[in-house]
Amino acid sequence: MFSLVRWLPQRVGTRLLAVVIFAIGASLALALLAAWLVYRDAQNASRVLAQQAAENLVVQVAAQFGEDDDLDPPRPFERYNLQRTLDYAHQAKGRDIRVFNLNERIVVDTDHEDIGTPVPTAWHGYISAAMRDGAPVFFSGRIAAAGDVRQLFITPLHNRTGRLVGGLAMDYTHLADELTGTARKTLLILSAAGAFVLALTLLFGLATVRPIALAVRRLHGATRALAAGRPLRPVAIEGHDEFAGLARAFDDMSTQLTRSRMTLEEEVAERRAAQIALEEANARLEERVTERTAALQSANRQLEIELANGKEMARQLEQLARFDSLTGLPNRAMFLACLDVAVKRAIRMGTLGALMFIDLDRFKSINDSLGHATGDQVLRQAAQRLSGTLRSCDMVSRIGGDEFTVILEELGGENAARAVAGKVVAAFLAPFNIDGKELFLSSSVGLALFPKDSAEPGELMKQADFAMYEAKTGGRNRFALHSEHMAQEANQRLVMETALRHAMERNEFYLAYQIRVSATDGTPTGTEALLRWRSPELGDITPAEFIPVAEHSGQIIEIGRWVLQQACRQHSIWRAQGLQPGLMAVNISVVQFRQAGFVEQVAAILAETGMKAHDLELELTESMLMANPENAVMMMHALRALGVGLAIDDFGTGYSSLSYLKRFPASRIKIDQSFVRDIDINQEDAAIAAAIVALARSLNIEVTAEGIETDEQLAHLNRLDCADYQGYYFAQPLTAEDIRFALDATLVVQPG
Ligand SMILES: Nc1nc2c(ncn2[C@@H]2O[C@@H]3COP(=O)(O)O[C@H]4[C@@H](O)[C@H](n5cnc6c(=O)[nH]c(N)nc65)O[C@@H]4COP(=O)(O)O[C@H]3[C@H]2O)c(=O)[nH]1
């Protein structure tokens, strides 16, 4: 049975099943209706028959008593007749009948035992209805309390005059059973069959519809989820029916869909990312395009401005290329071009021209001490002064620094050139007024004539330069004309410069040492290292000759370091030999002093040679310090910090301001030879020497007098308060070897 129930839904569609159930139900309902109708008709028929029988009986009963007779109580005869009539009816037709009076007491009954008993109380209502309506009333009820339910009817009973005298109750169950028995059985069978079929159908329906509904609900839910785009879950209907097949197909489709959706989502995500990246790249591109456009526009504007300014700039560039921006005078390039033309013209025209080189004396120290702004103003005023002094046809140029040139053409003769040079020198005698301050400068002028001295511009320049150098070394504030002698000198300088280049590597230098002695007891207090150059080609050359050349060429830096190293090393050797060399004085050039890292160089040499710093004394010239006093003070402090002594050489020649002297941390002052030379015969020199000593003493600075040659000089100096003496009087500069012996000897100071 159950396997059938399970099998059926697999083969029958839900709708078909519903139709079948409906058809079976409808057929059963129709059959039941038909049976019920038959049963009802049979029942009605039994009632009609029963009523007819009752009416006959009533007629028969009524016929048994008189016209006005009553049934309460019935007369015996009447009762007898009535009883017989009923008994006959009972016997003939099997009908159970009773007659009751108006008091509802049974007066005649086919069941004799009930006569005289009241009718059952349950009948009262039906009796009243029948009496009131005058018509029979059918009902189901019990005759005895413990009896079966019977089909009964009650009908009123009248006597012959028509007066109501009681009622008649008849049990027509047999009749009804006869007529309705078949119909009732049919109805029962149909009902039972219908109930069974319906129950079976319901069971089938439930067994069939439930899984179907469940499957349909799951599938429906899944399709709705699919339609709404929600995540899909497996429908998972087991079995082999259409729903299971559909569910599998649906699950397969869901899996495919999920995969393709995931792929699609990935693709969408990738595309979205790509789109975002593209949009960002686009935005960046746009930004850059905007920036570039702005930059291009700006560059374009700039270009337009530059183009507009182009001509002006070209003009300015040309100006810059040919003219000096500070003074507005022609520059070196322009000057050279003009000189070339001037020389050629002079040759062609047979005239005389002159090239004038002008150098401003003391300009460097003004520039260093008062600053470049002041220096620039001086240069501008110098340019104006020159231009104002000369004729407009004379070409004034500035060729660099404080160097000016003038080209003079068509001169009457050599004297004319001298006259112009004299005018230039005179022009610089007047002070320069810079920001309310008066500055005194002078000029050194060199002259070369063309084509007389040379027809070659380069050579002319050199000649004029040498002449200017000559004027400068000759005491400044003057002019000098180029001469053969000068040319020779210049040539010699050139030769010397060339020879100097090889002097170091060929070991042509050596040091001489001049002893310095104590002014009180004449014992050696130190030595001064003096540089010597013995050139194989040029012979012995004095420092006074070659040091300016070495300074000019810059070779002095290398040479000076060598001197310092050599002197310190020698000092250490003497010490190692057990001598007491005292101080070692070493001359320092202005070029060395200005050199960056000079202090470090001194420290390194001391360390390298093992010499004690306090045994070393560096000699600096007064003019060197005054060239840039501020810087000099700084440098001197740094050197003193090393422990090195500092002597101001040639003191008295450099116009030191006393205020500066106070600030220079010098440990010694050397009175220049020029004051010592005539100290015994020249009162002024003697006074200056005395003043220097007094000043130094007041500043607690030691004094050395140098260049002492005679007893007279010494005698005069002995009256002053010098610490040391130095000069040929005591010792010539000697070789290191000779110094060894000299250091041992005690030199006696001759009293004046
Ligand atoms: N007439 C006379 N002269 C005397 C007497 N006693 C010494 N002298 C000379 O006077 C000079 C003294 O040196 P200075 O004043 O520093 O003057 C030095 C110094 O300024 C410079 N010099 C010498 N050696 C060096 C050096 O190594 N480096 C630098 N930068 N300059 C040096 O050259 C100058 C000349 O040096 P030198 O020719 O050696 O000349 C030396 C010395 O020989 C004397 O009694 N009478």
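All residue numbers here refer to positions counted from 1 along the written sequence of the relevant chain. Where local features are concerned, this predicted model is filtered to residues with pLDDT of at least 70; where side-chain atom pairs are given and counted, the filter is 80 or more; whole-chain, interface and lining totals use all residues. Note that water and hydrogens are dropped before the side-chain values are worked out from all heavy atoms of the structure.

Draft legend 1. Region of interest: helix α4 (residues 124–133). Three or more residues of α4 are buried, namely Ile-127, Ala-129 and Ala-130. Projected onto a plane normal to the axis of α4, the buried residues spread over an arc of 165 degrees and lie on a single side. Contacts are assigned to residue pairs with any non-hydrogen atoms lying within 4.5 Å of each other. By the criteria applied, helices consist of DSSP H or I runs no shorter than four residues and strands consist of E runs no shorter than two, each listed in order from the N terminus. Of the surrounding elements, those touching the buried residues of α4 are β1 (96–101), β3 (137–142) and β4 (149–158). With a 1.4 Å probe rolled over the protein chains alone, any residue whose accessible area is under 20% of its type maximum counts as buried; one over 50% counts as exposed, and the rest are partly exposed. It is the directions from the helix axis to the C-beta atoms that the arc portrays.

Draft legend 2. Representation of the packing of aromatic side chains in the model. Each Phe, Tyr or Trp ring, with Trp reduced to its six-membered ring, pairs with another whose centre is within 6.5 Å; inter-plane angles below 30 degrees give stacked pairs, above 60 give edge-to-face pairs, and intermediate values give tilted ones. The full count for this structure, using the stated rule, is 13 aromatic pairs. On the basis of an interplanar angle of 25 degrees and a centroid distance of 5.9 Å, the ring pair of Phe-428 and Phe-432 is categorised as stacked. For Phe-432, a relative accessible area of 0% puts it in the buried group. Judged by centre distance (6.0 Å) and plane angle (10 degrees), the ring pair of Tyr-725 and Phe-730 falls under stacked. The exposure classification of Tyr-725 matches that of Phe-730, with both residues buried. These aromatic residues form a ring-pair network of at least three members: Phe-509, Trp-533, Phe-546 and Trp-562. Two limits define a charge over a ring: the Lys NZ or Arg CZ must be within 6 Å of the ring centre, and within 35 degrees of the ring normal. Geometry around Phe-432 places Arg-385 over its ring, the cationic atom sitting 3.9 Å from the centre. Residue placement shows Arg-740 over the ring face of Phe-741; its charged tip is 5.9 Å from the ring centre.

Draft legend 3. View of the side chain of Glu-508. Among the secondary structure elements, Glu-508 is positioned in the loop between α12 (484–503) and β13 (509–518). The residues contacting Glu-508, other than those within four sequence positions of it, are Ala-503, Arg-532, Trp-533, Arg-534, Ser-535 and Pro-536.

Draft legend 4. Looking closely at the sheet that holds β4. When DSSP finds two or more bridges between a pair of strands, those strands are recorded as paired. With antiparallel pairing, the five strands of this open sheet are ordered in space as β2-β1-β5-β4-β3. In this open sheet, the two edge strands, each paired with only one partner strand, are β2 (106–109) and β3. Along the sheet, successive strands turn relative to each other by an average axial angle of 30 degrees, direction set aside. Both β1 and β2 contribute to a ladder of three bridges, which runs antiparallel. If you follow Arg-98 over to β2, its bridge partner there is Asp-109. Every angle, taken between N-to-C directions, lies between 0 and 180 degrees, and every axis is a line fitted to C-alpha atoms, over only the stretch in contact when it is a helix. Helix α3 (residues 76–93) contacts β1 and β2 of the sheet and is inclined by roughly 45 degrees relative to β2.

Draft legend 5. Local environment of the pairing of strand β12 (residues 478–481). As judged from the four bridges shared by strand β11 (residues 442–450) and β12, these two strands associate in the parallel manner. Residue pairing for β12: Leu-447 is matched across the bridge by Leu-481. Note on handedness: a crossover is taken as right-handed if, strands pointing away from the viewer, the path from the first strand over the helix to the second is clockwise. The parallel pair β11 and β12, bridged by helix α11 (residues 457–473), forms a crossover whose chirality is left-handed.

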